[in-house]
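# Examining the three-dimensional arrangement
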Amino acid sequence: MARRSMMAVALPFVLLAGVTSRVRAGDDRVAWLDPYREPASRIIGEAVGSTFAWQRLSILTDGIGNRLSGTPALDRAIAWATAEMARDGLENVHTEKVMVPRWVRGAESAELTSPARHPIVMLGLGDSVGTPADGVQADVLVVRTFEELDAKAQAARGKIVLFNVPFTNYGETVRFRSAGPSRAARHGAVAMLIRAVGPAGLRTPHTGALNYANDAPKIPAAAIASEDADRIQRLADRGEKVVVRLAMQAHFEADAESANVVGEIRGRERPDEVVVVSGHLDSWDVGAGATDDGGGCVVSWEALRIMKKLNLRPRRTVRVVLWTNEENGGRGGLAYRDQHRAELANHVLMMESDGGVFRPLGFGFTGSDQGRERVRAIASLLAGIGADQVSPGGGGADITPSVQEGHVPAMSLEVDGAKYFLIHHTPADTIDKIDPIEMAKCAAAVGVMAYVVADLPERLR
Ligand SMILES: [Zn+2]
């Protein structure tokens, strides 16, 4: 605790020293950057000088908790964020209505019943159908790839198919979560289990959305902890007949009213031109939605709160959007595109922070070469906190519809990802995994980037 408060005081001075040496280095090509060195230092100093962001995230995750679309908890979070943004002094604070799907997990369980009785640690996959009231009980067929399943198609009929695919990276492994249920159903499987999509934790299941194909029966599907998947694998490898019983009450209810939350710092010269910073306020219904994506919401929002506090009003408008329904529908991002279609051409940059708020590294950027050069120079203002990298491929699920339709440059906050997929979509997604100083640096990075892009004399192309 003591170490943290000392660092918080010392860091702004260290950063200022770094900035001075850069100015002396004298680089004509980035002379346009010079007026931004002082406000950037102030934004960084304000962010890392307190644990405000982390405390605000704690209010959200401890005081409200997880926030699945259509739940009273998400409604409370939306009302809380709207009221707090107004209290921060942000302008044009309002909600924008979005109808969202309402998926309900209900009670659920799984157990190995043969050759021995073991409870299985599981989480139903988001959007899954349920089982009959007394569950489904069947022999298990274990496979490691889609090809192996296709080769064993005959053996899958009437079985519970388990995809026991060790985690490599998210993109590779998540395919089995989204497409696995329908792949198994096409071969007559009665349910699907998947080894949780994440590095092996301490018996931690990871939920997440599945994606039923139109041409296959909808079968119930759940993720099981890696330890349980490995046990089933060992038994199957020994030639044992493995029987599992799965019971899930999962179902959909009628769509519910929800909202994106919006707040702004209006631009002083070109208020109609907009820089969007954002995160998604909804989460899965386990854990507290701290890393995914309460943290992303708060650091984006911090960018505006800090500008307001420091009396920094850029040329263009900076708008924070807290999206609804990223996890199981993406309706918030779609609604924003539809509701703001007429002004998408005036969106200068859209940023989404949805990769955690661990030690910031910089940004991903998708846009023109000229834009990338600008953004690289701006990111150099963040060298003192180590957040000056700009890598290709920035974006986010919620900004994608608007970015594609409006051809808007897109950006994501990039952070040290080592811990992200360990807790992603699990009961362990709680704020204790997040360091207040690292989170403050994330807020500083988003704040500096958003402020400078919004204030540039010429708009980012
Ligand atoms: Zn997310």
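Report follows, based on the coordinates. Not measured: the values here are computed from a predicted model.

Here we come to the packing of helix 9 (residues 290-309) against helix 14 (residues 436-455). Running from N to C, helix 9 and helix 14 cross one another at 55 degrees; their axes reach a closest spacing of 8 Å. Classified by the angle their axes make, helix 9 and helix 14 are oblique. In terms of crossing hand, the pair formed by helix 9 and helix 14 is right-handed. Taken together, the residues of helix 14 that come into contact with helix 9 (itself represented by Gly295, Val298, Val299, Ser300, Glu302, Ala303 and Met307) are Met439, Cys442, Ala443, Val446, Gly447, Ala450 and Tyr451. Class assignment for the residues of the contact of helix 9 with helix 14 results in 10 nonpolar, 3 polar and 1 charged.

Before going further, it helps to spend a moment on the pairing of strand 7 (residues 191-195). Summarising burial for strand 7: 5 of the 5 residues are buried, a large majority. Burial along strand 7 is two-sided: the residues Ala191, Leu193 and Arg195 and Met192 and Ile194 are all buried. Where strand 6 (residues 160-163) meets strand 7, 4 bridges bridge the pair, whose relative direction is parallel. The residue of strand 7 that forms the bridge with Phe163 is Ile194. Handedness of the crossover is the feature at issue here: the chain leaves strand 6, passes through helix 7 (residues 170-186), returns alongside strand 7, and the resulting connection is right-handed. As paired strands, strand 7 and strand 8 (residues 221-224) are joined by 4 bridges and run parallel to one another. Opposite Ile194, over in strand 8, you have Ala223 as the bridge partner.

Below, the discussion takes up the coordination of the zinc ion. Coordination of the zinc ion by the protein is provided by His280 (NE2), Asp292 (OD), Asp354 (OD) and Asp354 (OD), with metal-donor distances spanning 1.9 to 2.6 Å. The coordination sphere of the zinc ion comprises 4 donor atoms, whose angles at the metal cover 54 to 148 degrees; the geometry is irregular. All donors of the zinc ion come from a single chain, and their spacing in sequence reads H-x11-D-x61-D. Taken as a pair, Asp292 in helix 9 and Asp354 in the loop between strand 13 (347-352) and strand 14 (360-366) lie far apart in primary sequence, 62 residues in all. Take Asp354: its relative accessible area is 22%, and that puts it in the partly exposed class.

With 6 bridges joining them, strand 2 (residues 108-114) and strand 9 (residues 243-248) adopt antiparallel strand pairing. Its bridge partner being in strand 9, Glu108 is matched across the sheet by Met248. Hairpin connection, strand 2 to strand 3 (residues 118-120): the antiparallel pair is bridged by 3 residues.

Here we come to the side chain of Arg195. With respect to the element layout, Arg195 can be found in strand 7. Look at Arg195 and you get buried, because its relative accessible area is 11%. In terms of polar contacts, Arg195 uses its side chain to reach the side chain of Asp230, at 2.7 Å. With sequence-adjacent residues up to four places away left out, Arg195 is seen in contact with Leu162, Phe163, Asn164, Val165, Pro166, Ile224, Ser226, Ala229 and Asp230.

The subject of this paragraph is the sheet that holds strand 2. One open sheet accounts for 8 strands, arranged 3-2-9-5-6-7-8-4; its pairing is mixed. The two strands at the open ends of the sheet, each matched to only one other strand, are strand 3 and strand 4 (122-124). The average angle at which neighbouring strand axes cross in this sheet is 30 degrees, direction not considered. Strands in contact with helix 7 are strand 6, strand 7 and strand 8; relative to strand 7, the strand with the most contacts, it is inclined by about 150 degrees.

Among the secondary structure elements, Tyr212 is positioned in the loop between strand 7 and strand 8. We classify Tyr212 as buried; its relative accessible area is 14%. The spacing of Tyr212 and Arg183 is 29 residues in sequence and 9.1 Å in space, taken between C-alpha atoms. Apart from residues lying up to four places away in sequence, Tyr212 is in contact with Asp127, Ser128, Val129, Pro181, Ser182, Lys218, Ile219 and Pro220. A polar atom in the side chain of Tyr212 sits 3.0 Å from the backbone nitrogen of Val129.

Scoring rules and cut-offs
Residues numbered from 1 in each chain as written. Predicted model: local features only at pLDDT ≥ 70, side-chain atom pairs only at ≥ 80, totals over all residues. Heavy atoms only, no water. Axes fitted to C-alpha atoms, helices over the stretch in contact; angles between N-to-C directions. Helix = DSSP H or I, 4+ residues; strand = E, 2+ residues; numbered from the N terminus. Parallel < 35°, antiparallel > 145°, perpendicular 65-115°, else oblique. Left-handed = near helix turned anticlockwise from the far one by under 90°. Contact = heavy atoms within 4.5 Å. Nonpolar A, V, L, I, M, F, W, Y, C, P; charged D, E, K, R; others polar. Buried < 20%, exposed > 50% of the residue type's maximum accessible area, 1.4 Å probe, protein only. Pairing = 2+ DSSP bridges. Right-handed = clockwise from strand over helix to strand, strands pointing away. Donors = N, O, S within 2.8 Å, 3.2 Å for Na, K, Ca; no water. Tetrahedral: all angles 85-135°; square planar, octahedral: opposite > 155°, others 65-115°. Polar contact = N/O pair within 3.5 Å; in protein donor to acceptor, adjacent residues only side chain to side chain.

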